[in-house]
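Observations on the three-dimensional arrangement
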Amino acid sequence: MNAGIFTLDELERYSRQLIVPGMGLEKQELIRNARVCIAGAGGLGSVSAYYLAAAGVGHVRIIDRDRVEASNLNRQILHFTPDIGQPKVLSALDKLENLNPYCRVEAVQADINEDNAFELIDNSDIVIDALDNIGTRRILNFASIHSRIPLIYGGVEGFSGMVSTFFPYRTPCFECIFSHISDDEERKGVFGMLPAIVGAIQSLEAIRIIMKETPALAGTLLYFSGTNMTFQRIAIERNPHCTVCGTSPART
Ligand SMILES: [Zn+2]
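Let us look at the structure shown here. The structure presented is a predicted model; accordingly, all values stated were derived computationally and were not measured.

Secondary-structure assignment places Asp-115 in the loop between β3 (104-109) and α6 (117-121). As a C-alpha pair, Asp-115 and Ile-139 span 24 residues in sequence and 9.6 Å in three-dimensional space.

Now the structure itself:
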């Protein structure tokens with residue numbers, strides 16, 4: 001298989017990952033051809049977007065409705081103090097384009113809802129759930145599963161975090177495992193290191209899927225505790241009565 005032509009600048013830029021065992025230009029070409037949609041330009045999305053753009057993902061679509069606030073800056077590493085008041089997606093676009101001009105960044109300032117979710121994730125290879133509220137996560141999950149696009153979930157709270165990868169109709173989806181959680185969510189406290197860890201794991205899982213490696217978190221919920229620095233792999237199963245992906249969705 002012939003990899004497409006890379007410029008000398010690209011080869012230099014990616015040189016440290018190109019020499020990783022098992023990597024090479026063919027894998028880098030897969031990365032360059034990938035289209036990743038990141039829902040949320042906050043703590044998780046900043047980190048995912050940064051590392052995916054830096055790794056050479058050819059197309060990143062980043063979606064967020066909000067503007068940068070001072071209270072974001074303890075964790076949302078794409079936004080700096082002079083960006084306060086700017087739409088987050090434009091602040092993100094500016095940083096990502098400066099980071100890697102070979103990455104085409106599409107900034108979409110939008111509130112993800114039932115009417116636009118399918119269109120917003122359309123034509124993506126992978127969707128990253130970097131959202132901060134359960135209601136929108138449910139909508140994103142519904143659209144991703146029905147569009148048959150893998151969804152990489154990440155969540156943080158306090159000193160803990162969780163990650164899982166949902167392959168439509170093959171592994172559990174968000175609704176299979178979180179149907180009992182209510183949509184109302186109060187604002188929870190978080191240190192910036194937690195979304196950094198979880199967002200980095202989400203982007204690592206994404207890059208491995210893009211490179212056609214076996215995803216490590218399919219059917220697994222990875223739970224990280226930052227208080228005792230442990231990772232726990234929790235096996236999760238599809239719910240046959242899941243309202244989104246179940247085989248008999250008539251739920252009582
Ligand atoms: Zn499901």
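What follows deals with the sheet that holds strand β6 (residues 160-166). Read from one edge of the open sheet, eight strands run β3-β2-β1-β4-β5-β6-β7-β8, paired in mixed fashion. One side of each edge strand has no neighbouring strand; the edge strands of this open sheet are β3 and β8 (230-235). Between one strand axis and the next, the sheet turns through 15° on average, direction left out of account. The strands that helix α4 (residues 43-55) touches are β1 (35-39), β2 (59-64), β4 (126-129) and β5 (151-157); relative to β1, the one it contacts most, it runs at about 165°. The strands touched by helix α9 (residues 193-210) are β1, β4, β5, β6, β7 (220-225) and β8; relative to β5, the strand with the most contacts, the crossing angle is about 170°.

Turning our attention to the packing of α4 against α9. Packing of α4 against α9 leaves a shortest axis separation of 8 Å and a crossing angle of 40°. When the axes of α4 and α9 are compared, the pair comes out oblique. In the packing of α4 onto α9, the handedness of the crossing is right-handed. Every residue of α9 that contacts α4 at Gly-43, Leu-44, Val-47, Ser-48, Tyr-51, Leu-52 and Ala-55 is listed here: Pro-195, Ala-196, Val-198, Gly-199, Ala-200, Gln-202, Ser-203, Ala-206 and Ile-207.

For an α-helix, 3.6 residues make a turn, and residues three or four places apart therefore share a direction. Spanning 13 residues, α4 covers 19 Å between terminal C-alpha atoms, matching the ideal 18 Å at 1.5 Å per step. Residues Gly-43, Leu-44, Gly-45, Ser-46, Val-47, Ser-48, Ala-49, Leu-52, Ala-53 and Ala-55 constitute the buried set of α4. After α4 finishes, the residue Gly-56 shows a positive phi value of roughly 105°.

Attention shifts here to a nonpolar patch on the surface. Taken together, Tyr-50, Tyr-51 and Ile-77 make up a surface patch of nonpolar side chains, about 290 Å² in accessible area. Relative to the helices and strands, Tyr-51 resides in helix α4.

Right, let's get into the coordination of the zinc ion. On the protein side, the zinc ion has Cys-173 (SG), Cys-176 (SG), Cys-242 (SG) and Cys-245 (SG) as donor atoms, found 2.2 to 2.3 Å from it. Geometry at the zinc ion is tetrahedral, judged from its four donor atoms and the angles of 95 to 119° they form at the metal. All donors to the zinc ion come from one chain, and their sequence spacing reads C-x2-C-x65-C-x2-C. With Cys-173 in the loop between β6 and α8 (174-178) and Cys-245 in the segment after β8, this residue pair connects regions lying 72 residues apart in the sequence. On the accessibility criterion, Cys-173 (1% relative accessible area) is buried. Taking relative accessible area as the criterion, Cys-245 reaches 2% and is therefore assigned buried.

According to the stated counting rule, one finds zero disulfides in the structure shown. A disulfide-free cysteine, Cys-37 has its sulfur positioned 13 Å from the sulfur of Cys-103, the nearest such atom.

It is worth spelling out the pattern of salt bridges at this point. Pairs can form between side chains of opposite charge whenever their charged atoms are close. Per the stated rule, a full pass over the model turns up ten salt bridges. Among the salt bridges present, the one from Arg-65 reaches Asp-111, with a minimum N-O distance of 3.1 Å. Note that Arg-65 is positioned in the loop between β2 and α5 (88-99) and Asp-111 in the loop between β3 and α6, a separation of 46 residues in sequence. Lys-95 is the salt-bridge partner of Asp-83, the closest N and O atoms lying 2.6 Å from each other. Of this pair, Asp-83 sits in the loop between β2 and α5 while Lys-95 sits in helix α5, placing them twelve residues apart in sequence. Under the relative-accessibility criterion, Asp-83 is labelled buried at 12%. Each of Glu-10, Glu-29 and Arg-32 takes part in a single network of salt bridges with overlapping partners.

Rules used throughout
Residues numbered from 1 in each chain as written. Predicted model: local features only at pLDDT ≥ 70, side-chain atom pairs only at ≥ 80, totals over all residues. Heavy atoms only, no water. Helix = DSSP H or I, 4+ residues; strand = E, 2+ residues; numbered from the N terminus. Pairing = 2+ DSSP bridges. Axes fitted to C-alpha atoms, helices over the stretch in contact; angles between N-to-C directions. Contact = heavy atoms within 4.5 Å. Parallel < 35°, antiparallel > 145°, perpendicular 65-115°, else oblique. Left-handed = near helix turned anticlockwise from the far one by under 90°. Expected span 1.5 Å × (residues − 1). Buried < 20%, exposed > 50% of the residue type's maximum accessible area, 1.4 Å probe, protein only. Patch = residues over 30% accessible without salt bridge, like charges linked within 9 Å, V, L, I, M, F, W, Y side chains within 5 Å. Areas by Shrake-Rupley, 256 points an atom, 1.4 Å probe, with all protein chains shown as cover. Salt bridge = Lys/Arg side-chain N within 4 Å of Asp/Glu carboxyl O. Donors = N, O, S within 2.8 Å, 3.2 Å for Na, K, Ca; no water. Tetrahedral: all angles 85-135°; square planar, octahedral: opposite > 155°, others 65-115°. Disulfide = S-S within 2.5 Å.

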